[in-house]
Amino acid sequence: MGRAVLGSLRHIATETDPTLRVVRALHSKVSAAAQGLSLLNDPSGTSSLAKPSAGSAVNASPLVYTFGSCCVFGVAEPKSDVDFVLLTAKDASDEGPDTPSQTARGWQTQSLAKFSAKLRSQNPTFVVEEVRRARVPVVRVKAAVSVPLSGNSDPVTSTTTMAQVKFDVTAHRRNGVRNSALLRAYFDQCPIEARWLAMAVKAWSKRVGVNLGSPGGFITSYGLNLLVVYYLLRHGKVRYVPIEKFRNCQSIPPLPNGTPLELPADEEAFGALLLDWLAFYTKEFVYEEEVVTLTGRVRGAAASSSEPPSVLLRSKDLGWTREAEDQLAQRGSEGERISYRLCIEDPYEVNLNVGRLVTPLKLDLFKRLLVAAGDNGFGVAVGQKPI
């Protein structure tokens, strides 16, 4: 299995960019648009109940942080979008949770409106869309940018090419930065096997329609990464990383460091790792009770910084039960239907089930696809086209 799966992914090793040239070029564009912007100093809404227009502005330019897959894996994946967030110095140093209130959304929308106006004026060819009514307000951009053909970023001495890219920009929200740094701390502990396992799972999820980016998909790539890391933690392949380490974003670099993506030397051992991941989620993980979690909030035991939790977090400990699911449905809660059939706790966002889109029918499908993956080598051992 290992050889077949790695063969289907081999193009990723040559197409990914550990120098993060495109990411750095985009970061430069976003930083230029953010330069001199006066954003609100209390966008969380935690210290004031005033309306958004009453927020106190700060003159210092916001910091531009990168998050998402390029930070998690240390490489820029082909065709992957890049995520940025604008944070004031107060945002970055605040160790509290992101606030999902309407007041906070209003502040975020105001800040993004200022930013998008300047981005458009500086880059007339960019296609800039403000999405204000999403759960998280975001500016979505399609652009052609000039990037160096090598790691040399000197515009005088480097040869450049034009790259067609997409990127998103949010404001005043820290959790994406925190989550990316936390996942990177796990993947860096075994950067070859863990990253390729995550990439194999992601490619498989797109191939079979599990990934939210596929038609009918229901688990995000972020959620799948959490499934991978939780397995690694439970099986003692990585050490526990306290989430407190990354609450203060000032301890996280705004631009990630790149890490070359080397193929596993032992294909047979990698195949065994794939099968072990599948076995964990088909035979060991108790969907009716267990929570995929990296928080260390374990009932009855203190999580050590060097050992995985010995007592599992149960869904009932979080109030994520069938009864709660039914109550949310009866109240007709705003937005998407919340399910607690696959419980994946977000490490930093309060009461957020990353697996909330997995309904009973989709959970049954997910389990059957996991079993099938063990039989057909993640879908590539029987001649299916690679993703």
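The rules behind these values
- Residues numbered from 1 in each chain as written.
- Predicted model: local features only at pLDDT ≥ 70, side-chain atom pairs only at ≥ 80, totals over all residues.
- Heavy atoms only, no water.
- Pairing = 2+ DSSP bridges.
- Helix = DSSP H or I, 4+ residues; strand = E, 2+ residues; numbered from the N terminus.
- Axes fitted to C-alpha atoms, helices over the stretch in contact; angles between N-to-C directions.
- pLDDT = per-residue confidence, 0-100.
- Contact = heavy atoms within 4.5 Å.
- Buried < 20%, exposed > 50% of the residue type's maximum accessible area, 1.4 Å probe, protein only.
- Polar contact = N/O pair within 3.5 Å; in protein donor to acceptor, adjacent residues only side chain to side chain.
- Salt bridge = Lys/Arg side-chain N within 4 Å of Asp/Glu carboxyl O.
- Phe/Tyr/Trp six-rings, centres within 6.5 Å; stacked < 30°, edge-to-face > 60°.
- Expected span 1.5 Å × (residues − 1).
- Parallel < 35°, antiparallel > 145°, perpendicular 65-115°, else oblique.
- Left-handed = near helix turned anticlockwise from the far one by under 90°.
- Nonpolar A, V, L, I, M, F, W, Y, C, P; charged D, E, K, R; others polar.
- Core = buried A, V, L, I, M, F, W, Y, C linked by side-chain atoms within 4.5 Å.

**Details of the sheet that holds strand 5 (residues 160–171)**
Strand pairs in the sheet, formed through backbone hydrogen bonds, run parallel or antiparallel to each other.
Now for step 1: The strand order across the open sheet built from five strands is 1-2-5-4-3, with neighbouring strands paired in mixed fashion. Strand pairing shows two members of the sheet lacking a second neighbour, strand 1 (63–67) and strand 3 (127–131), which therefore form its edges. Strand-to-strand twist in this sheet, taken as the mean axis angle between neighbours without regard to direction, amounts to 35°.
Now for step 2: As paired elements, strand 3 and strand 4 (residues 138–148) share five bridges and run antiparallel to each other. Paired with Glu-130 across the strands is Val-139, a residue of strand 4.

**Points about the confidence of the model for the protein chain**
For residues with low pLDDT, the predicted coordinates do not support detailed interpretation.
Now for step 1: Scored by pLDDT, the protein chain comes out at a mean of 88, with 86% of its residues at no less than 70.
Now for step 2: Segment residues 45–55 is flagged for pLDDT under 50; beyond a separation of four residues in sequence, or across chains, it makes 17 contacts in the model.
Now for step 3: In this model residues 383–387 is a low-confidence stretch, pLDDT under 50, and it forms nine contacts with partners more than four residues away in sequence or in other chains.

**Notes on the side chain of Arg-173**
Now for step 1: Of note, Arg-173 is situated in the loop between strand 5 and helix 6 (175–187).
Now for step 2: Classification of Arg-173 by relative accessible area gives buried; the value is 12%.
Now for step 3: Polar side-chain contacts of Arg-173 include one of 3.4 Å to the side chain of Glu-349.
Now for step 4: Setting aside residues up to four positions removed in sequence, Arg-173 forms contacts with Val-85, Leu-87, Asp-98, Thr-99, Gln-108, Val-136 and Glu-349.

**Notes on the pattern of salt bridges**
Now for step 1: For the coordinates displayed, the defined rule picks out 15 salt bridges.
Now for step 2: A salt bridge links Arg-184 to Asp-188; the shortest N-O distance between them is 3.0 Å.
Now for step 3: Between Arg-234 and Glu-284 there is a salt bridge whose closest N-O contact spans 3.3 Å. Of this pair, Arg-234 sits in helix 8 (residues 221–234) while Glu-284 sits in helix 9 (residues 267–284); the two residues are 50 residues apart in sequence, bridging distant segments of the chain.

**Regarding the environment of Val-210**
Now for step 1: Residue position: Val-210 is located in the loop between helix 7 (193–208) and helix 8.
Now for step 2: Separated by 148 residues in the primary sequence, Val-210 and Val-358 have C-alpha atoms spaced 9.9 Å apart.
Now for step 3: Sequence-distant contacts of Val-210, defined by excluding residues within four places in its chain, comprise Trp-204, Ser-205, Gly-217, Phe-218, Ile-219, Phe-366 and Leu-369.

**Concerning the packing of aromatic side chains**
Now for step 1: A complete count under the given rule lists 15 aromatic pairs for this structure.
Now for step 2: A centroid spacing of 6.2 Å and a plane angle of 90° characterise the contact between Tyr-230 and Phe-285, whose relative ring orientation is edge-to-face. With Tyr-230 in helix 8 and Phe-285 in the loop between helix 9 and strand 6 (291–292), this residue pair connects regions lying 55 residues apart in the sequence.
Now for step 3: With a centroid separation of 5.5 Å and 50° between ring planes, the pair formed by Tyr-281 and Phe-285 is classed as tilted. Residues Tyr-281 and Phe-285 agree in their burial class; the two are buried.

**Focus on the environment of Gly-96**
Now for step 1: The residue Gly-96 is located in the loop between helix 4 (89–93) and helix 5 (102–122) in this model.
Now for step 2: On a C-alpha basis, the gap between Gly-96 and Arg-247 in space is 7.5 Å, while along the polypeptide they are 151 residues apart.

**Side note on helix 2 (residues 21–34)**
Now for step 1: Helix length check: helix 2, at 14 residues, gives a terminal C-alpha distance of 20 Å against a target of 20 Å (1.5 Å per residue), a fit within 8%.
Now for step 2: Taken together, the buried positions of helix 2 are Val-23, Ala-25, Leu-26, His-27, Val-30, Ala-33 and Ala-34.
Now for step 3: The inward-facing, buried residues of helix 2 contact strand 1, helix 3 (69–73), strand 2 (82–87), helix 5, strand 4 and strand 5.
Now for step 4: A positive backbone phi angle near 80° is found at Gly-36, which sits one or two residues after helix 2.

**Digging into the packing of helix 9 against helix 11 (residues 360–376)**
Now for step 1: Where helix 9 meets helix 11, the axes come as close as 10 Å, and the angle between the chain directions of the two elements is 150°. Judged on the interaxial angle alone, helix 11 and helix 9 are roughly antiparallel. Pair helix 9 / helix 11 crosses with left-handed handedness. Facing Leu-275, Trp-277, Leu-278, Tyr-281 and Thr-282 of helix 9, the residues of helix 11 in contact are Leu-370, Val-371, Ala-373 and Gly-374.
Now for step 2: Taken together, the residues that form the contact of helix 9 with helix 11 break down as seven nonpolar, two polar and no charged.

**Focus on helix 7**
Now for step 1: Its 16 residues give helix 7 an end-to-end C-alpha distance of 22 Å, which sits within 8% of 22 Å, the value for a rise of 1.5 Å per residue.
Now for step 2: Among the residues trailing helix 7, Gly-209 stands out with phi positive, at a value near 85°.

**As for the side chain of Ser-214**
Now for step 1: With respect to the element layout, Ser-214 can be found in the loop between helix 7 and helix 8.
Now for step 2: The exposure class assigned to Ser-214 is buried, which follows from its relative accessible area of 12%.
Now for step 3: At 3.5 Å, the side chain of Ser-214 forms a polar contact with the backbone oxygen of Lys-206.
Now for step 4: Leaving out residues up to four positions away in the same chain, Ser-214 has contacts with Ser-205, Lys-206 and Gly-209.

**Quick look at the nonpolar core**
Now for step 1: If you look at the biggest cluster of nonpolar residues, it comprises 72 residues, and the most contacted ones within it are Trp-277, Tyr-281 and Phe-366.
Now for step 2: Among all residues touching Trp-277, those that are not within four sequence positions of it are Leu-197, Val-201, Trp-204, Leu-227, Val-228, Tyr-231, Leu-370 and Phe-378.
Now for step 3: Listed in part, the 31 residues of the second largest apolar core include Val-23, Phe-115, Ala-163 and Phe-167.

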